[in-house]
Amino acid sequence: MRILMLGNSYTFYNDLPGKLAALTGAEVVQHTRGGARLSEQLNPKTEMGARTLEALKNETWDYVVLQEMSNGPVTSREAFLRSAARLCEKIRAAKATPVLFATWPYERDSAAMAKMEKKGIGYDVMAAGLSAAYHEAAERNDALIADVGQAFYKTASNAASNAVFPRNVSSGSSAATGSASRNNNNTAATGSAPRYNNTAAAASASFLYSEDGSHPSEEGTRLAAAILADVILEDQKKKKKTHTVPSMAAKASNDQRLRILYLYRILLRHSDPEHPLSTNQIREFMETEHGITMHRTTVPSDVALLQAAGIPVCARRSNVMLYYLEETRFELPELKILIDAVESSKFITESKCRRLIEKLTSLTSEKNAEKLKRNLYTSGRVRSGNEKGYYIVDAINEAINEQRQISFLYTEYNEKKQLVLRNDGSPYIVSPYILIWNGDYYYLVGYYHAKKRITTFRVDRILTQPEVLPVRADPVPKDFDILRYTREIFRMYDNQEQVQVTLLCENSVMKGVIDQFGPDISVKQEDDNHFSTKVTVCTSQTFYAWVFQWRGAIRILAPGEVREEYREMARLVLEET
C-alpha cells in the first residue's frame, strides 16, 4: 500500500508520515512545506505543485491525504473547497482514494488563538468551522475523512473528566477506535484511547499542542497518526469484502434470478407511464448496462415473473409491446413541491440543498428527473451557514426520543458581524420538548434549567452537534399546549421572557389577529369599532414589528413597560429619520 500526504508543517511535524507508516505498514511519501496551501499542490509553476501533479499522473497510490493550511478552511473556506475538489478529481483519476485530514483549532488562550480572536473567530467557532469545512469537502467529493481536529477539541472540552491519551505507536497497532467512513455515512474517526494518567496535564489538553499553541506535540501527532490509520485500515477491510462481488456477479451474469433483478432496475430507472420501454429497448439496456444478451421472447416471460412477485409492471400494446413500472414512488408534482420546499428553506445550506435535490430527483425515472431539473431555480435568499444543521436536528430528535437532557453552545452576531457565544461561553443545559419548523427555520422548544423556564432556541444558531447527556430530561408539563405556544411565540426567540400583552384592535384587523394567534383567542368588544384581546408573547423586535405593520390599527394597552418600550422604539426611529 502506498500513501501520499499533501500538506504543510502540521503533516511533517514529529514525523507524522513515519508514524502513519508504522501503523499501516504502508510506504508513506510526503509533499509538504511550512505554511503551504492545497492550492500550491495544484500549481505546476511551483516546485511542490509540479512534483505533486507529476506524482498523481505517473505513480501508483492507494490513498492521498489532504491537509489545508491551519486556519484556511475557516478564513478562506471557498478557496479551500475549490482546491479540495480539484485535487480529489485528480486523485480519483489516478485510481486512488482521497482522505481529508481535518485539523484542530489553535490552543485556547494561546497567542495563535488571540490573533484569530482579533479577526472575530473564537476558539469554539474555529473548531466548528474547521470540522464543518472539512466535512463539506469530504461529502462533496465522496472522500474519507479523519476528523483529528474534533478529537483535539473533545479532549480539550472533556479532558478533566474523561482525558484521553494515544497508545505508543511502537506497538504497531492503531490507538484510535474511531470508525473509518465516507462522510455520507455521517460518521468520522474522532479517536478514543485509554485514560491519561496525568490529570493535571490532561485538564488543559496542552499535552496535544507544542509550545506555540498551533502545532501538535509528539502526543498530538501520535493521536493524528492513529486516527488516520484507523480510517485507512477500515477502508481497506471494506474494499477487501467488496472486491469479490464483481467476480461473483460476472460468473452469474446469465443466472435468470440476476437477470430478473436487472430487469426491475431497468424499468425503475428508465420507465414511467409517459415513457414505456419496448422489448428492443429493454434488450439494449440489458446489454449496455449489464452485459447480458436477452432473446426477445425472454422479455415477456421475465415481466410475468416480476408481476407474479407483486411488482407493478404494466404492459400495453401499441405497434409493439410496451412496458413500464407503475408509479409507486413520488409523482412528479409531489417531488416538485418537496424540491420547492428545500429550495426555499433558509435552514438548509447551499451544499446540503444541492445534495437533497439530487436525492429527490433520483426518486423518479430519468426522464422525469430531467423535467424537474429544468424547473429548478435558485432563489438567492440568505441561507444558514451552519453545515451541521442536519446532525444537530438528529441529535435533538435522539434526545427527545430517549428523554435525555442536552448540552450545547449557542451563538449570536455582535456589532462587528463576529460570531460569538452567548451565556459567556457556557453551555446551555436543556430538556428538549419538541422541534418546530416556523418561518423557514427550525426551533428547539425545551426547559432551560438555568432560568427554570420553557425557552425557544433557533437551531441554526447552535454551534455544534449537541451532547446528549445521561441525565433524564424533565417531562413535558401536562398543561403545555404546543399549538398554543407556537401561535404565541411565532418566531420570537432569543430567550426573551413571555409576557401577557393586552392589545386594542380595530375591527378591520380581526383576520390578521386570528391568522397570527389562532381562532380560540378571547376577545372583548370595547366599542362599535374596536375589540381588545390578551396574548402571551415574547416582547422582541419581531413582536413590535408585527404591531407596527398595522399602522396604528393595533395598539398596546398593557403592561405599561411594554407600551413604553414600544413608544421608545418608535421615538428613536423618528429621531433618526
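About the thresholds
- Residues numbered from 1 in each chain as written.
- Predicted model: local features only at pLDDT ≥ 70, side-chain atom pairs only at ≥ 80, totals over all residues.
- Heavy atoms only, no water.
- Buried < 20%, exposed > 50% of the residue type's maximum accessible area, 1.4 Å probe, protein only.
- Helix = DSSP H or I, 4+ residues; strand = E, 2+ residues; numbered from the N terminus.
- Pairing = 2+ DSSP bridges.
- Phe/Tyr/Trp six-rings, centres within 6.5 Å; stacked < 30°, edge-to-face > 60°.
- Lys NZ or Arg CZ within 6 Å of the ring centre and 35° of its normal.
- Arc of directions from axis to C-beta.
- Axes fitted to C-alpha atoms, helices over the stretch in contact; angles between N-to-C directions.
- Left-handed = near helix turned anticlockwise from the far one by under 90°.
- Contact = heavy atoms within 4.5 Å.
- Polar contact = N/O pair within 3.5 Å; in protein donor to acceptor, adjacent residues only side chain to side chain.
- Core = buried A, V, L, I, M, F, W, Y, C linked by side-chain atoms within 4.5 Å.
- Salt bridge = Lys/Arg side-chain N within 4 Å of Asp/Glu carboxyl O.

S.K.: Talk me through the pairing of strand S14 (residues 453-458); I want residue IDs and the actual numbers.
M.R.: Counting buried residues in S14 gives five out of six residues, a clear majority hidden from the surface. By the bridge criterion, six bridges tie strand S13 (residues 441-448) to S14 in an arrangement that is antiparallel. If you follow glycine 446 over to S14, its bridge partner there is threonine 455. Hairpin connection from S13 to S14: four residues lie between these consecutive antiparallel strands, with lysine 452 at a positive phi of about 55°.

S.K.: Let's hear about the packing of aromatic side chains: which residues, and what values?
M.R.: Counted according to the given criterion, the structure contains 18 aromatic pairs. Centroid distance tyrosine 123 to tyrosine 153: 5.7 Å. Interplanar angle 35°. Geometry classified as tilted. Taken as a pair, tyrosine 123 in helix H8 (residues 123-141) and tyrosine 153 in helix H9 (residues 148-162) lie far apart in primary sequence, 30 residues in all. With respect to burial, tyrosine 123 and tyrosine 153 carry one shared label: buried. Between tyrosine 410 and tyrosine 428, the aromatic rings sit 5.8 Å apart at their centres with planes inclined by 75°, giving edge-to-face as the arrangement. Highlighted residues: tyrosine 410 in the loop between strand S9 (404-408) and strand S10 (411-413) and tyrosine 428 in strand S12 (residues 428-438), separated in sequence by 18 residues. Of the two residues examined, tyrosine 410 and tyrosine 428, each falls in the buried class. Joined through ring pairs, the aromatic side chains of Tyr10, Phe101, Trp104, Phe152 and Tyr209 make up one cluster. Taking the ring centre of tryptophan 61 as reference, the NZ or CZ of arginine 2 above it sits at 4.0 Å.

S.K.: An account of the sheet that holds strand S7 (residues 313-317) is requested, with residue identities and associated values reported.
M.R.: Spatially, three strands are ordered S6-S8-S7 in an open sheet, and the strand pairing comes out antiparallel. This sheet does not close on itself; its edge strands, each paired only once, are strand S6 (277-278) and S7. Here S7 pairs with strand S8 (residues 321-325) via five bridges, running antiparallel. From the neighbouring strand, valine 313 faces S8, where its bridge partner is leucine 325.

S.K.: Go over helix H21 (residues 510-517), please, and point to the residues and values.
M.R.: Note: α-helices contain 3.6 residues per turn, so residues at a spacing of three or four share the same orientation. Along H21, the positions that sit buried rather than exposed are Gly512, Val513, Gln516 and Phe517. Viewed end-on, H21 has its buried residues packed into an arc of 110°, placing them on one side of the element. Of the residues in H21, the exposed ones pointing more than 90 degrees away from the buried face are Lys511 and Asp515. Positive phi appears at glycine 518, one or two residues downstream of H21, with a value of about 95°.

S.K.: Which residues make up the packing of helix H6 (residues 77-93) against H8, and what are the values?
M.R.: Where H6 contacts H8, the two axes come as close as 10 Å, and the packing angle between them is 35°. The interaxial crossing formed by H6 with H8 has right-handed handedness. Of the residues in H8, those in contact with Arg77, Phe80, Leu81, Ala84, Ala85, Cys88 and Arg92 of H6 are Gly129, Ala132, Ala133, Tyr134, Glu136, Ala137, Arg140 and Asn141.

S.K.: So what about the environment of isoleucine 429? Which residues, and what values?
M.R.: Along the chain, isoleucine 429 falls in strand S12. Between the C-alpha atoms of isoleucine 429 and glutamine 405, which are 24 residues apart in sequence, the distance is 6.8 Å. Each residue touching isoleucine 429, except ones within four places of it in the same chain, is listed here: Gln405, Ile406, Ser407, Tyr447, Tyr448, His449 and Leu469.

S.K.: Can you tell me about the side chain of histidine 215, naming the residues and giving the values?
M.R.: Checked against the element boundaries, histidine 215 lands in the loop between helix H10 (199-204) and helix H11 (218-242). Reaching out from histidine 215, the side chain makes a polar contact with the side chain of serine 9 at a distance of 2.6 Å. Not counting residues within four places of it along the chain, the set of residues in contact with histidine 215 comprises Ser9, Tyr10, Tyr13, Leu208, Tyr209 and Ser210.

S.K.: Just give me the short version of unusual backbone geometry, but keep the residues and values in it.
M.R.: A negative phi holds for most residues other than glycine; trans holds for most peptide bonds. Put simply, alanine 558 and proline 559 share a cis peptide bond, and its omega is 0°. Residue aspartate 15 is not a glycine yet carries a positive backbone phi of 55°. Locating aspartate 15 in the fold gives a position in the loop between helix H1 (9-12) and helix H2 (16-24). In this structure, aspartate 109 takes a positive phi of about 70° despite not being glycine.

S.K.: An account of the nonpolar core is needed here, citing residue identities and associated values.
M.R.: If you look at the biggest cluster of nonpolar residues, it comprises 68 residues, and the most contacted ones within it are Ile3, Val64, Leu66, Phe80, Leu100 and Leu228. Leave out the neighbours within four places in its chain, and leucine 228 touches Met5, Leu16, Leu20, Val65, Val99, Phe101 and Ala146. Of all hydrophobic cores here, the second largest spans 19 residues; its members include Val501, Cys505, Val509 and Phe543.

S.K.: I'd like a rundown of the pattern of salt bridges, residues and numbers included.
M.R.: Once their charged atoms are close, side chains differing in charge can pair, the charge on each being opposite to the other. If you walk through the whole model with that rule in mind, you get 14 salt bridges. Of the charged contacts, one joins glutamate 27 and arginine 2 as a salt bridge, the two residues approaching to 3.0 Å between their closest N and O atoms. You can see glutamate 27 sitting in strand S2 (residues 27-32) and its partner arginine 2 sitting in strand S1 (residues 2-7), a full 25 residues away along the chain. By relative accessible area, which is 43% here, glutamate 27 ends up partly exposed. Between glutamate 218 and lysine 19 there is a salt bridge, and its shortest N-O distance comes to 2.9 Å. Taken together, the positions of glutamate 218 in helix H11 and lysine 19 in helix H2 put the pair 199 residues apart, joining distant regions of the chain. According to the relative accessible area criterion, glutamate 218 is partly exposed, its value standing at 36%.

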